[in-house]
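Chains, contacts and geometry: an overview
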Amino acid sequence: THQNQDKKQKQQHNHHRIVVMARKYFHLIAVFLFIPVTFESCTTMSFSYAIAIALLLLLESLRCCYTTTTTKTMMTSPMMHVHHQEEKTKNDKVDGLYENK
């Protein structure tokens, strides 16, 4: 079972790595596609970027407004902060970075 878990973790790690590389490749292609157009028609692209950013901000605002109160409470609760601190300390111990003060 321990070997199966290790194998599964390695597969998940490899899959995550492939996804990350695919995303980086996609962003590189996007940059190469937009750079020539940006230099050719700077005013139009500035306007397009402004519209895109405005839409993203609007969607993010709507997402935040419609998040349930329970979720907001859970995300800002003191216990979440404590849990985060415990996880951080545990990770530091695992990485050998934990120092006794």
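Residues numbered from 1 in each chain as written. Predicted model: local features only at pLDDT ≥ 70, side-chain atom pairs only at ≥ 80, totals over all residues. Heavy atoms only, no water.

Examining the state of the cysteines
Evaluation of the coordinates by the stated rule reveals zero disulfides. Sulfur of Cys 64: no disulfide; nearest cysteine sulfur belongs to Cys 65 and is 7.0 Å away. Judged by its relative accessible area of 38%, Cys 64 falls in the partly exposed class. (Disulfide = S-S within 2.5 Å. Buried < 20%, exposed > 50% of the residue type's maximum accessible area, 1.4 Å probe, protein only.)

Quick notes on the pattern of salt bridges
Enumeration according to the criterion identifies one salt bridge in this entry. Where Arg 63 meets Glu 60, a salt bridge forms, and the shortest distance between an N and an O atom there is 2.5 Å. Of this pair, Arg 63 and Glu 60 both sit in helix α2 (residues 42-65), separated by three residues, roughly a single helical turn. Classification of Glu 60 as partly exposed rests on a relative accessible area of 37%. (Salt bridge = Lys/Arg side-chain N within 4 Å of Asp/Glu carboxyl O. Helix = DSSP H or I, 4+ residues; strand = E, 2+ residues; numbered from the N terminus.)

Examining a nonpolar patch on the surface
Taken together, Phe 47, Ile 51, Leu 55, Leu 58, Leu 59, Leu 62 and Tyr 66 make up a surface patch of nonpolar side chains, about 760 Å² in accessible area. For Leu 58, the location among the structural elements is in helix α2. (Patch = residues over 30% accessible without salt bridge, like charges linked within 9 Å, V, L, I, M, F, W, Y side chains within 5 Å. Areas by Shrake-Rupley, 256 points an atom, 1.4 Å probe, with all protein chains shown as cover.)

Observations regarding the confidence of the model for the protein
Fine structural detail should not be taken from predicted coordinates in areas where pLDDT scores are low. Residues of the protein with pLDDT of at least 70 account for 66%, and the chain-wide mean is 76. α2 holds the highest mean pLDDT among the elements of the protein, 89, whereas helix α3 (residues 69-76) holds the lowest, 55. (pLDDT = per-residue confidence, 0-100.)

Description of helix α1 (residues 2-40)
In this model, α1 (39 residues) spans 58 Å end to end at C-alpha, consistent with the 57 Å of a helix rising 1.5 Å per residue. The largest bend along α1 measures about 25° and falls at Phe 34, with the proline Pro 36 one to four residues further on. (Expected span 1.5 Å × (residues − 1). Bend = angle between axes of the 7 residues up to and from the residue.)

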